[in-house]
Each structure stands twice: as structure tokens, then as C-alpha cells.
Amino acid sequence: MVARLVVAAPASGHGKTTIATGLMAALARTGLRVSGHKVGPDYIDPGYHALATGLPGRNLDPHLVGEERLVPLLLHGSAGADLAVVEGVMGLHDGMLGTDGYASTAHVARATDSPVVLVVDVSSASRSIAALVQGMVAFDTSVRVAGVVLNKVGSTRHADEVVRALESTGVPVLGIVHRDDGVVAPSRHLGLVPAAEREDAAAALDRLATRVAKAVDLEEVVRIARSAPTLQGAAWDAADEVGPPPAGPRRVVAVAGGRSFTFRYAETVELLDALGCDVQVFDPLHDESLPEGTSGLYLGGGFPEVHAATISANEPLRHAIADAVAAGVPTVAECAGLLYLCRSLDGAPMVGALPADAAMTPRLTLGYRTAVAPVEHLLAPVGGRVTGHEFHRTHVTPSAGADDAFGVAWTSAHGEAGFGSPTLHASYLHTHWAGHPRMAARFAAAVHAARPEEGRHRWSSSQDRERQRAGAGVSRPLGNGSAWVDVRESAQGGLDTPPSRSSRPRKREVPPAAAGYSTSGDPLRHHGDAEATDGLVDLAVNVHDGPRPTWLDDALRSALDDVGRYPDAREAEAAAARRHVRPADEVLATAGAAEAFTLLARARDWQHPVVVHPQFTEPDVALRQAGHDPQHVRLGHDFALEPDRVPDDADLVVVGNPTNPTGVLHPAWAIRALARPGRVVVVDEAFMDAVPGEQHSFAGAPAGVPGRGRQTGTALPGVLVVRSLTKLWSIPGVRAGYVLGDPDLLADLRAQQPPWSVSTHAAAAIVACTSDDARAEATRRAADVGRHRAVLTDGLDELGVHHLPSSAPFVLARVGPGVHGALRDAGWAVRRADTFPGLDDAWIRVAVRAPDVTRRFLAALAQVRS
């Protein structure tokens with residue numbers, strides 16, 4: 001019999017992966033042989049299971065393999081093991097929509113007759129947890145909930161309260177795991193970072209195993225697993241599924257692996273082995289040729305978008321794969337493999353075997369699919385039906401083949417998708433070949449039928465290599481695939497084309513005095529522009545690196561016609577008022593946010609001003625220059641705003657949202673909690689226009705005020721909002737901004753403002769940047785910022801660099817002391833963070849830039865840290 005249990009939860013986010021993987025590792029430490037399994041199609045969690053157990057991680061998914069194969073596959077994967085641990089998916093009873101829980105964790109638990117251990121996040125409740133667990137037990141009595149592990153417990157008293165309440169349910173508490181961010185795996189745009197991509201994965205798993213072993217009753221867990229009844233039937237066997245292999249010698253199938261291609265099911269390799277194929281793994285990041293004797297290519301899933309720069313730089317392998325595909329080597333490409341075969345990925349050249357281009361998108365495509373082949377191709381006959389799943393944040397243009405070379409691979413309820421030919425299949429669809437063994441058989445038959453060409457068995461592009469040795473360019477397709485261009489490699493490994501103005505190193509020598517530090521001697525007067533000196537790539541200044549909109553440049557040029565007259569900001573204030581649905585007397589135009597803080601400091605005789613730190617330091621400077629002594633209040637855990645930290649008698653509170661330099665976006669309720677009679681709250685929203693939908697902004701009209709258009713309910717009496725146009729619109733030299741708020745407060749600021757301080761060009765910029773065109777463009781730019789920021793944060797995750805979740809066009813990262821200076825020496829300007837109160841020299845602030853610049857920066861950071 002197979003001792004087994006299922007680790008489930010009421011919903012996603014309760015810690016299933018952490019506890020399940022910790023259990024596997026802790027049980028393996030006791031000398032038990034443990035097999036790890038995952039409900040659903042996920043590839044990443046089984047990677048952690050394999051690390052914990054030393055055995056391949058395997059999936060149990062009724063949609064992908066059929067319910068009838070669940071027990072055989074469980075028996076196969078657990079053969080020789082003492083105990084099988086099955087990690088669930090989503091909530092215990094959550095499955096395919098509209099199917100009453102098909103493919104849910106409960107479905108798999110019933111099909112395999114396995115007891116369930118619930119993992120419950122109790123961080124936000126105590127006695128209510130008992131009601132939750134009781135509901136999970138009673139909802140479907142055919143699923144046996146045998147115990148519960150309490151996760152993210154806050155204190156001993158908290159745990160005692162929950163345990164007492166659970167006594168009434170009859171469900172035993174198997175473990176109490178306290179909060180510990182050190183045992184949480186980092187995540188990226190498609191979930192957790194794969195174990196194979198984490199240098200610290202083994203060490204993190206060791207910490208997790210130790211913690212779970214201390215917190216969970218392992219003996220009781222084993223007893224529950226051994227209470228599972230004996231499973232009936234035979235174990236799955238690859239040879240039985242596909243029959244004898246084709247006649248002839250074994251053939252080499254080259255399988256993409258390494259850090260960029262980590263997704264494939266264990267049974268895929270086993271089926272290919274049974275079909276007379278020797279799987280040899282190659283790494284698209286480092287290997288310059290395919291394995292010798294390659295007769296077939298399997299390019300599975302992974303994260304090529306994270307590693308695009310390195311993959312693209314490996315030209316010999318890209319050309320070798322292009323040659324192989326063109327020569328008719330049977331090729332399967334799923335999701336990441338599809339991106340790899342495209343002409344480009346986020347602008348980085350790829351293999352170019354497909355007439356398509358790929359790019360990251362903010363939209364997640366996720367779900368099960370049932371697809372039909374409209375034409376015969378490598379993996380399916382005409383009308384062949386398969387089940388699979390999609391999981392990606394990229395888009396390929398065009399999305400499907402439509403010519404003589406490549407036809408449509410699949411049709412489904414979601415339309416036509418993928419590229420197919422007699423020797424190629426490339427699509428986003430992930431399939432589990434254990435559920436569709438004929439796909440493996442078709443591929444293997446094509447591999448055996450293919451004739452490896454003598455002299456080309458390493459599939460290398462010898463002509464290109466000879467041209468490189470001679471210093472000549474390498475021919476590559478242009479982005480539209482309509483022509484070819486001859487290009488040369490620069491010394492930095494990129495193309496000799498003019499970089500964008502944000503990434504173009506200027507050639508003048510950097511004076512010693514300009515080594516990234518303000519010469520004023522006051523750290524509060526230090527700003528990013530002091531770091532962005534000539535000769536460095538600028539990731540220190542948070543100005544958008546894209547071109548300005550044509551309509552903005554036109555407005556600034558037209559303003560020259562009016563510079564013969566004294567400036568008048570009233571039209572600009574009216575335009576900003578319309579933008580935020582306020583009357584004009586609730587807007588004050590300023591020469592940027594810096595002037596607004598100067599006016600604020602002088603407007604009243606503040607008795608107890610408070611600046612919440614770390615944040616933009618100019619309010620501090622302005623208050624001191626006006627004769628005040630501002631108190632610093634530090635942000636709380638994870639740099640979150642905790643209103644009760646602000647003294648009750650504070651009559652002025654200044655806070656950024658999102659905060660510079662942390663990028664943290666504080667919820668509206670937290671800022672609202674700062675407001676009270678006799679207090680002015682100033683919210684610096686200089687970066688709010690980079691937040692999609694400007695969530696949690698207080699720039700809108702106060703709720704309940706007639707005639708204000710949208711009743712947003714976000715603005716408050718006594719709250720002033722400072723906005724800047726410098727960052728998103730790339731006009732730091734214009735000095736344009738405005739303040740929104742109560743007319744009486746603004747009158748006090750206006751009384752301190754010198755005449756004509758808002759220039760003609762600044763007024764024109766305010767009018768242009770608050771127009772309907774600007775709102776549409778701001779929405780697009782905010783989406784770009786989010787997409788480009790993900791490239792940066794994913795790369796930092798890959799390097800194991802701690803960083804804060806950011807809603808701004810920059811990211812605060814803890815890289816360690818000395819890295820800031822080392823990056824400058826390597827040609828990169830990033831913002832030092834030790835001039836912000838509350839931070840030290842281990843932190844840097846990195847501006848979001850275009851993906852190609854970011855990837856070069858990440859490579860430099862990796863080199864510096866190594």
C-alpha cells in the first residue's frame with residue numbers, strides 16, 4: 001500500500017506550498033523516502049517538491065490526464081517510497097468553473113482515497129477559524145479532513161485562542177507555524193520563482209524543514225498517511241502506454257533546460273525513453289551548440305522573458321536551432337519554447353524560426369483548454385483532440401500560423417492559436433503526454449524517421465561564426481521579418497544602434513567631485529540628479545525614459561509665442577480643476593513640487609510638523625529653512641504607513657503616496673486616519689500618475705459636494721495633495737506642478753508665492769498634461785511602467801536581491817554595502833538611499849527603464865555582487 005495524504009487549504013495564499021514542501025523535507029530528514037505530487041498543472045511547485053525529496057515532482061490533474069489515470073500515476077510516482085505527500089491547488093473544493101469542483105483538490109483526494117490535512121492562515125482571525133474549518137469538514141463528507149496546521153500565527157496567546165475554538169470541531173491541530181518571512185519563496189509574474197532559478201533554494205529549504213519539524217507533529221502526520229486504504233490497480237507504465245519503440249538505433253532528443261526552461265512533466269522524459277529516444281538537456285543561456293546527433297527538439301516551458309538578454313546574446317545556439325528547424329528536425333515548442341522560436345521577445349532577437357514577435361503584457365492568460373487540430377501537424381492528426389492549459393503574461397503577434405509554411409496548430413473556444421507543420425508544433429498550450437501518449441508516439445516516430453545530416457550534427461552556424469571572427473556583422477531579420485539587415489556587435493555585447501537618451505552613456509570624464517554625491521554637505525539636499533553624471537547609464541533619476549508626446553512638445557513650442565508677456569497661471573489652474581473635478585479655487589499652480597513644499601513651510605506657524613520617513617526629503621529642508629524643527633516618524637513593518645505612530649498633537653503631517661524611495665502605495669484608509677480637526681495632512685502624489693487608475697489618490701473631489709461630477713469620496717477637508725508633472729511627462733526642466741485642497745489653505749500658500757513664479761511654459765505644460773489626451777496617454781504609460789517594472793523585480797528575484805513591492809516607477813532594493821559605488825565604477829548610476837532617514841548604505845533606488853536597459857543593468861549587478 002501507499003501511505004499518503006493531501007495538503008489542502010480553504011483558499012490560495014494560506015501557505016500550502018510552504019507547509020507541504022516543508023513536510024516533505026522534514027519527513028525525508030527522518031529517513032523516510034517521500035514522493036511529492038501536485039494537484040493541477042503547475043510546474044513550479046513540483047520543482048520545490050523534487051528539491052525536498054530527491055525524487056521527481058509529479059502532477060495529478062484530471063483535466064490533463066483523465067480521472068482514470070490519477071491512481072496509476074500516483075502509484076507510479078510513489079513506487080519505492082514510504083509516503084506520498086500531495087499538495088493541493090487553490091481552495092480545497094475549487095475546480096474548473098461550472099463543473100461542481102472537477103479537477104479540484106477534493107476531487108483528487110476522493111479519487112485517490114487520501115486523507116486531507118488543512119493548512120489555514122490564521123493571521124487575521126482567531127475563534128472564527130473554527131467556523132471555517134467546521135465548514136470545510138461539513139461541506140463534503142466524502143473528503144476526510146484528518147487534521148489542521150495553523151499557519152502564520154502571531155503569538156502564543158493567539159495560538160491558544162484558535163486551538164481552544166477548534167476543540168469543538170473534532171479536527172486535531174497537527175502543528176502551529178508562526179510568521180516567518182524567511183521561509184517564503186519569492187514570487188514573480190507567474191507565481192513562485194522556480195527552485196532551479198534560486199541560488200539560495202537549498203538553504204531556504206533547509207531552514208523550512210527545520211522550522212516545520214519543530215512546529216508540526218510529524219509522527220501524527222505519518223500515522224494519518226498510513227491510515228489511507230490500499231489503492232487498487234496497476235501503476236502507470238510508459239512502455240505499456242506507447243508500445244514497443246520504433247525499429248532502429250536510439251535517437252537523441254535535445255531538451256531545453258537550465259534556469260530559463262524549467263517546465264516539463266517527468267513523464268514526458270519517461271515516454272520518450274520508452275520510445276527509443278535519449279533525452280539530452282542543453283542550456284539556452286550557455287551552450288553554444290545542440291547535443292551531438294540531435295534528431296529532435298523539445299522546447300518546454302519556463303521564463304525566457306526573464307532571461308531574454310542572455311538568451312539573445314547566445315547567437316551561436318540561436319542560429320543552430322534556426323538551422324535545425326529549417327532543416328526539418330522535428331520540434332515541439334510549448335509556451336516558452338514558442339517565444340524562443342519567435343523573431344523577437346520584448347525587442348530582443350530570438351531564434352527567428354517563426355514569423356512572429358512576442359512581448360510581455362500586463363494581462364495574465366490562465367486556464368484549462370480543450371483544443372482540436374484543424375490540420376495535421378507534428379503532434380496530432382486532423383481533428384485530433386487534446387486537453388491542456390495556458391499560463392502566461394506574453395502575447396505573440398500573429399497568434400497563429402496562416403501560410404503554406406505553418407498552419408494553425410489548435411482551435412478552441414478561445415480561437416485559433418499556435419503554429420503547426422509536419423515537423424513542428426509551437427503554441428502556448430501545455431499538454432501532459434501521460435494523458436495523451438499518442439502525441440509522444442507521433443513525435444518519436446518523426447524523430448526516428450528524420451535523417452541526421454552528417455557534418456551538421458551539432459547544428460552550428462559555421463558561416464556566421466566565420467563572419468564574427470572576421471569582424472563582420474551577422475545577418476538578422478528585422479522586427480517585421482520583411483528584410484535583412486547587417487549589424488555589428490558593440491563592445492557591450494549589444495547592437496551598434498543609438499540607445500535611448502536614458503541609456504546612452506555620454507563620453508565625458510566624470511570629475512572626482514561628482515561621484516554621485518551632493519556637494520552641499522547636507523544629505524537631505526541630495527537628489528538623484530547628482531548621481532546621473534556624464535558617462536553613466538542613468539537609473540538614478542525617476543524621469544520617464546520614453547519620448548514626450550507630440551502634443552506636449554507642440555504645447556511647449558507654442559508657449560514661446562507668449563513669453564513676451566508676464567505669465568498667468570489661471571488657465572492652468574482651471575485645466576487642473578477640470579481634470580480632478582474641483583472648482584478652480586481648490587487648485588494652486590506651482591513651479592514644481594519643490595516650490596509647493598516651500599510655500600507650505602512658510603504658510604503657517606506650525607507648532608509640531610511631522611514628516612513621515614523614509615520619503616522625499618525636500619519637505620524637511622523647506623520646513624527647516626522656514627525656522628521649523630520637523631519631527632521624523634518612521635514607516636512601520638515593510639515600510640507601511642501606521643497612522644497611530646503620528647503624535648496626536650501634530651498639526652502638519654507630510655507623507656508620500658506612493659512613497660519615494662520605497663515605492664509603497666499606502667491605502668486610502670491609512671491616510672484618511674491621519675486627518676483630524678486642527679491638522680493639515682499633505683500627501684505628496686508626485687508618482688501617483690504612474691499607478692494604474694490612480695488608486696488611493698486624494699486628488700479627486702470630496703464626497704458629497706454637489707456639482708463636483710464624480711463623487712469619489714477620496715478627498716478630505718484639511719488634506720492637501722501635491723502633484724508634479726516632472727516624472728511621467730519627462731519635463732524636469734520645466735518645473736510644473738500644482739496643489740489641490742481647501743481654498744482657505746491654498747490662500748495661505750498663495751500669499752507666500754512670489755509673483756509670476758509659474759512660468760509660461762510651466763502653465764502650458766499643466767494645461768496639456770491635464771487634458772483628455774494626457775489622461776489616455778497616462779493610462780498607457782502607467783501600464784508600460786508596470787510591465788517594465790516586472791522585468792526589474794523578476795530579475796532582482798532571480799539574483800536573490802531583496803526588494804520592496806513597488807507601485808512607482810522605481811524599486812528600492814537591498815543590495816548590500818559598497819554595491820552602489822561598485823555599480824558606478826561599472827558605469828551605472830543608481831540612487832544612493834542612505835540620505836533618506838531610516839535607510840542605510842545597503843539600499844539603492846533603481847529607476848524603471850526599458851527592458852533592454854534593465855536586463856543590462858541586472859547583468860552588471862550580478863557581476864558586481866559576484
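What you are looking at is a predicted structure, and each value in this text was computed from that prediction instead of being measured.

(A) Structural view of unusual backbone geometry. Going from His 613 to Pro 614, the amide bond is cis rather than trans, its omega being 0°. Structurally, Pro 614 is set in the loop between β25 (609–613) and α20 (618–625). Omega for the peptide link from Asn 657 to Pro 658 comes to -10°, which places this bond in the cis form. By secondary structure assignment, the location of Pro 658 is in the loop between β27 (652–656) and α21 (668–672).

(B) Focus on the packing of helix α1 (residues 16–29) against helix α2 (residues 44–53). At a minimum axis separation of 8 Å, α1 and α2 run at an interaxial angle of 20°. Between α1 and α2, the angle is such that the two are roughly parallel. The interaxial crossing formed by α1 with α2 has right-handed handedness. In this structure, α1 contributes Thr 17, Thr 21, Met 24, Ala 25 and Ala 28 to the contact, and α2 contributes Asp 45, Tyr 48, His 49, Ala 52 and Thr 53. Here the contact of α1 with α2 is built from residues that sort into five nonpolar, four polar and one charged.

(C) Region of interest: the pairing of strand β30 (residues 737–740). Every second residue of β30 is oriented toward a common face, with Gly 737 and Val 739 on one face and Tyr 738 and Leu 740 on the other, all of them buried. The pairing of strand β24 (residues 587–590) with β30 spans four bridges and is classified as antiparallel. For Thr 590, the partnering residue across the bridge sits in β30 and is Gly 737. Sheet topology note: the strand β29 (residues 719–724)/β30 ladder contains four bridges and is antiparallel. Among the inter-strand pairings, Val 721 is bridged to a residue of β30, identified as Leu 740.

(D) Quick peek at the nonpolar core. Core analysis: the biggest nonpolar cluster contains 73 residues, and Leu 118, Trp 410, Trp 433 and Phe 443 have the highest contact counts within it. If we ignore the near neighbours within four places in the chain, the residues touching Phe 443 are Val 253, Leu 272, Gly 296, Leu 297, Pro 330, Thr 331, Val 332, Leu 378, Leu 379 and Trp 433. Counting residues in each nonpolar core, the second largest holds 53 residues, with Val 683, Leu 728, Tyr 738 and Ala 763 among its members.

(E) View of the packing of helix α19 (residues 592–603) against helix α22 (residues 743–752). Two elements in contact, α19 and α22, have axes separated by 8 Å at closest approach and are oriented at 105°. On the basis of their axis angle, the class for α19 and α22 is roughly perpendicular. Along its contact with α19, which presents Ala 596, Leu 599, Leu 600, Arg 602 and Ala 603, the element α22 presents Asp 748, Leu 749 and Gln 752. In terms of residue class, the contact of α19 with α22 is made up of five nonpolar, one polar and two charged.

(F) The arrangement of the sheet that holds strand β26 (residues 631–634) in detail. Sheet architecture is open: seven strands sit in the order β24-β30-β29-β28-β27-β25-β26, paired in mixed fashion. Every other strand in the sheet has two partners, leaving β24 and β26 as the edge strands with one partner each. Going from strand to strand, the sheet's axes swing by 20° on average, the running direction of each strand aside. Of the strand pairs in this sheet, β25 and β26 are connected by four bridges, and their pairing is parallel. Bridging across to β26, Val 612 finds its partner in Val 633. The strands touched by α22 are β24, β28 (680–684), β29 and β30; relative to β24, the strand with the most contacts, the crossing angle is about 25°.

(G) How the structure looks around the sheet that holds strand β32 (residues 810–814). The five strands lie next to each other as β23-β33-β34-β32-β31, forming an open sheet whose pairing is mixed. Edge positions in the sheet fall to β23 (537–539) and β31 (802–803), since each has one partner strand and no second. In this structure, β23 lies alongside strand β33 (residues 828–832), joined through three bridges in parallel fashion. For Val 537, the partnering residue across the bridge sits in β33 and is Trp 828. Contacting β31, β32 and β34 (843–847), helix α24 (residues 772–799) runs over the sheet at an angle of about 10° to β32. In the packing of helix α26 (residues 851–865) onto the sheet, the strands contacted are β23, β33 and β34, and the crossing angle to β33 comes to about 80°.

Criteria and thresholds
- Residues numbered from 1 in each chain as written.
- Predicted model: local features only at pLDDT ≥ 70, side-chain atom pairs only at ≥ 80, totals over all residues.
- Heavy atoms only, no water.
- Helix = DSSP H or I, 4+ residues; strand = E, 2+ residues; numbered from the N terminus.
- Axes fitted to C-alpha atoms, helices over the stretch in contact; angles between N-to-C directions.
- Parallel < 35°, antiparallel > 145°, perpendicular 65-115°, else oblique.
- Left-handed = near helix turned anticlockwise from the far one by under 90°.
- Contact = heavy atoms within 4.5 Å.
- Nonpolar A, V, L, I, M, F, W, Y, C, P; charged D, E, K, R; others polar.
- Buried < 20%, exposed > 50% of the residue type's maximum accessible area, 1.4 Å probe, protein only.
- Pairing = 2+ DSSP bridges.
- Core = buried A, V, L, I, M, F, W, Y, C linked by side-chain atoms within 4.5 Å.

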